[in-house]
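A look at the structure
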Amino acid sequence: MRTSRLRTVHPVLWAGWAALAAGAVLCVVGWYGVSGERFAERQLPYLASCTVPGAALIVSGAVLLAHGRGSIAAARVEELYGLLVAAEPADADETGQAALAPLAVSGELLMVPGGTLWHRADCPLVAGKAEAVPVDSKLVASGELGPCPICEPAEETD
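Reading the values: the criteria
- Residues numbered from 1 in each chain as written.
- Predicted model: local features only at pLDDT ≥ 70, side-chain atom pairs only at ≥ 80, totals over all residues.
- Heavy atoms only, no water.
- Disulfide = S-S within 2.5 Å.
- Buried < 20%, exposed > 50% of the residue type's maximum accessible area, 1.4 Å probe, protein only.
- Pairing = 2+ DSSP bridges.
- Helix = DSSP H or I, 4+ residues; strand = E, 2+ residues; numbered from the N terminus.
- Core = buried A, V, L, I, M, F, W, Y, C linked by side-chain atoms within 4.5 Å.

**Here's the deal with the state of the cysteines**
- The final tally for this structure, using the stated rule, is 0 disulfides.
- Free of any disulfide, C27 has its nearest neighbouring cysteine sulfur in C50, separated by 8.9 Å.
- Looking at the unpaired C151, the closest cysteine sulfur is the one in C123, lying at 3.7 Å.
- Under the relative-accessibility criterion, C151 is labelled buried at 6%.

**A closer look at the sheet that holds strand β3 (residues 133–134)**
- One open sheet holds the 4 strands; their spatial order is β3-β1-β2-β4, and the pairing between them is mixed. The open sheet has two free edges, formed respectively by β3 and β4 (146–147), since each of these has just one partner strand.
- Across 3 bridges, strand β1 (residues 109–111) lies against strand β2 (residues 117–120) in antiparallel orientation. Across the sheet, residue L110 finds its bridge partner in β2, namely H119.

**Re the nonpolar core**
- Within the largest apolar cluster, 7 residues are counted, these being L110, A121, C123, V126, A132, C148 and C151.
- Counting 5 residues, the second-largest nonpolar core is a separate cluster that includes L109, M111, W118 and V140.

Right, here's the structure in full:
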């Protein structure tokens with residue numbers, strides 16, 4: 001879902017492009033003035049009045065462009081976050097609150113053949129998997145299987 005926000009160019013970007021263009025023009029004028037003078041003391045006014053300010057404008061234009069693009073990206077992230085927050089979860093009840101249930105509370109322990117962890121039966125990693133089988137207590141006792149870090153099953157004391 002797209003918003004109807006107009007895609008306009010940010011004023012900071014315009015200022016950055018203008019500063020870059022003005023700086024380039026000043027550098028060209030300074031270079032042209034310096035190239036026509038034979039002696040260094042007659043070249044210094046062109047350097048001081050055109051080339052140095054032109055270089056400063058080019059640097060400031062680059063900074064403005066970088067800042068403008070960063071602020072546009074931040075605005076887009078804020079817009080996407082607003083859309084994400086506005087989207088209501090599919091399993092929300094009539095009060096608008098999502099039903100919060102623990103991930104795994106079952107006492108039955110399962111494992112996947114060839115796996116390295118043991119899980120509760122309602123752990124999201126094994127829930128609904130046909131290949132999940134009950135845990136072999138010999139594997140748990142030998143240390144070949146470790147507890148799942150998601151459902152954190154407690155070892156049964158049979």
